[in-house]
Amino acid sequence: MVDTAPAPGAGTDAPLPDRSVVPAVWSRITNLVVDHGEGSWLVTPDGQRYLDYTSGIGVTNTGHAHPRVVAAIQAQAAKLLHGQQNIVYHEPGLRLYERLAHLLPGGPWSAFLSNSGAEAVEAAVKLARIATGRPAMIAFRYGFHGRTAQAMALTAAKDVYRGAFEPLPGSVYHAAYPYCYRAAGGAHDPSACTCDWEAQLDLLFHQLVYPGKVAGIIVEPVIGEGGYIVPPPGFLPRLRELTRQHGILLIADEVQTGFGRTGELFAVRHWDVEPDILVMAKGIASGLPLSGILARSDLMAKLGPGSHGGTYGGNVVACAAALATLDVIEEEGLVANARERGAQLLSGLRSIAASHRGVGDVRGLGLMVAVELVRPGEGDGRVPDPDLTRRIQQACFDRGLLVLTAGTYVNVIRIIPPLVTTPDEVDRALRILAEALNAAGA
Ligand SMILES: Cc1ncc(COP(=O)(O)O)c(C=O)c1O
């Protein structure tokens, strides 16, 4: 019999259920219960304020609860919550499809809309395979593409994401990403890169898979989860040349780097590279679940009716939120702010780092910024220090600043402020980070 009595704790005055109702699979960095968010801040029910430099893992680019985005969501929710894409058209969807198709030069582009980053990655792989008639995929070591089966097979950021879930979908090969700080020949400046990624890719083609069998190469223009690794300037342009040479589609996974995060609307613009497919999510709708791909229209046309889709993809409220998000990004100059605040954060961190031997590297692009922590004096000086990293993260939290970690060895502090963050907030974060490095013994 179905129990129709109110569930324990269902009333608004009832005490909150114990946190153990949430399964442990959601690894977490705080035990905070938050009541609301505003701009760069999260606020607890008793009024404690935290400077949120996680942006909900790179999602709230317009800040928490931006009034224009909230108004668009409220207005749309009062009209229609679900207008399924196989059944009807709706105005926010039509407007968003058209607007997305004009966000990148080149093309012409067509968009496809889904719900999560992983789901959009799945769409990109299906499209690459159907459009080329080729089976194999290449991804990069340190890359993260999501947690569904195909996305997991592409992911090589960390063992926990895939290690317990074999067998994974096959015909996926991993190439070397140019991680200049951890290069075999020694850490070096990306502007004088000596990483042998191109030779390694050539070896892969000669040892493991014919290039003519490869449908697509998927790459994060700046590696996210795997450690916030900014590639050397020549990497993406050369990868574009090589993929064209072999008839391989270049898929830019801009789930984390997109929508202004790196100081361009999409990070590929830093290098004037035109991918064949671009994957987007996170910042697209300020927190509502929405994702998608942009693909050259001739490619998108290869996905025939019914060959891909999903019940919720392109949800009407999420589309309304995305349109408002794009308005805010454009009209409030958030891409330029990402560049300026990013430069402020990076130079501040570099000067703080100079007096801390535990800081191995400081790097970033726009408001995607990282500090890599090592054990000074051990090994070749680049031995990862995840304990120090955890202590710094905790010391930041104790002082009211939320930051994430990243990296294969979880030894990178990753800083992802909302793109609306102010110079004063960045200064405050820098003061806290300096204190945290001292407190943690870096
Ligand atoms: C580059 C990249 N691709 C894909 C994903 C997966 O997105 P989602 O968690 O929305 O499935 C992420 C998530 O962090 C990501 O950073």
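Parameters at a glance
Residues numbered from 1 in each chain as written. Predicted model: local features only at pLDDT ≥ 70, side-chain atom pairs only at ≥ 80, totals over all residues. Core = buried A, V, L, I, M, F, W, Y, C linked by C-beta atoms within 7 Å. Buried ≥ 20, exposed ≤ 12 C-beta atoms within 10 Å, placed from the backbone. Domains from an automatic or database assignment. Contact = placed C-beta atoms within 7 Å. Near = placed C-beta within 6 Å. Helix = DSSP H or I, 4+ residues; strand = E, 2+ residues; numbered from the N terminus. Nonpolar A, V, L, I, M, F, W, Y, C, P; charged D, E, K, R; others polar. Axes fitted to C-alpha atoms, helices over the stretch in contact; angles between N-to-C directions. Parallel < 35°, antiparallel > 145°, perpendicular 65-115°, else oblique. Left-handed = near helix turned anticlockwise from the far one by under 90°. Pairing = 2+ DSSP bridges.

So, the nonpolar core
For step 1, the next point in the chain: One finds Ala124, Val279 and Ile293 to be the most contacted residues of the largest nonpolar core, which totals 132 residues.
For step 2, the next point in the chain: When residues are assigned to domains, this core turns out to be shared by domain 1 (19-62 + 333-440) and domain 2 (70-331), each giving three or more.
For step 3, the next point in the chain: Contact partners of Val279, with chain neighbours within four places excluded, come to Ala120, Val121, Ala124, Ile251, Ala252, Asp253, Glu254, Val255 and Ile293.

Regarding the site of the ligand
For step 1, the next point in the chain: Near the ligand you find 15 residues, and of these Gly117, Ala118, Gly146, Val255 and Gln256 are the closest.
For step 2, the next point in the chain: The element that contributes the greatest number of residues to the shell around the ligand is helix α4 (residues 117-132), accounting for three residues.
For step 3, the next point in the chain: Class assignment for the residues of the shell around the ligand results in six nonpolar, six polar and three charged.

A closer look at the packing of helix α3 (residues 91-100) against helix α9 (residues 316-331)
For step 1, the next point in the chain: Viewed as axis vectors pointing N to C, α3 and α9 meet at an angle of 45 degrees, and their least axial separation amounts to 8 Å. By the angle class used here, α3 and α9 are oblique. Here α3 and α9 pass one another in a crossing that is left-handed. In this structure, α3 contributes Pro92, Gly93, Arg95, Leu96 and Arg99 to the contact, and α9 contributes Val316, Cys319, Ala320, Ala322, Leu323 and Leu326.
For step 2, the next point in the chain: By residue class, the composition of the contact of α3 with α9 is eight nonpolar, one polar and two charged.

Digging into the sheet that holds strand β8 (residues 249-253)
For step 1, the next point in the chain: Read from one edge of the open sheet, seven strands run β4-β10-β9-β8-β7-β5-β6, paired in mixed fashion. Among the strands making up the open sheet, the edge pair consists of β4 (109-114) and β6 (172-175). The average angle at which neighbouring strand axes cross in this sheet is 20 degrees, direction not considered.
For step 2, the next point in the chain: Of the pairings in the sheet, the one linking strand β7 (residues 214-219) to β8 comprises four bridges and is parallel in character. Paired with Gly216 across the strands is Leu249, a residue of β8.

Quick notes on the domain arrangement of the protein
For step 1, the next point in the chain: As far as domains go, the protein holds domain 1 (19-62 + 333-440) and domain 2 (70-331).
For step 2, the next point in the chain: Counting residues at the interface gives 28 residues for domain 1, matched by 31 residues for domain 2.
For step 3, the next point in the chain: Every element with two or more residues in the side of domain 1 that touches domain 2 is listed here: α1 (55-58), α10 (334-353), β11 (359-365), β12 (368-373) and β15 (412-415).
For step 4, the next point in the chain: Broken down by class, the residue content of the side of domain 1 that touches domain 2 amounts to 11 nonpolar, 11 polar and six charged.

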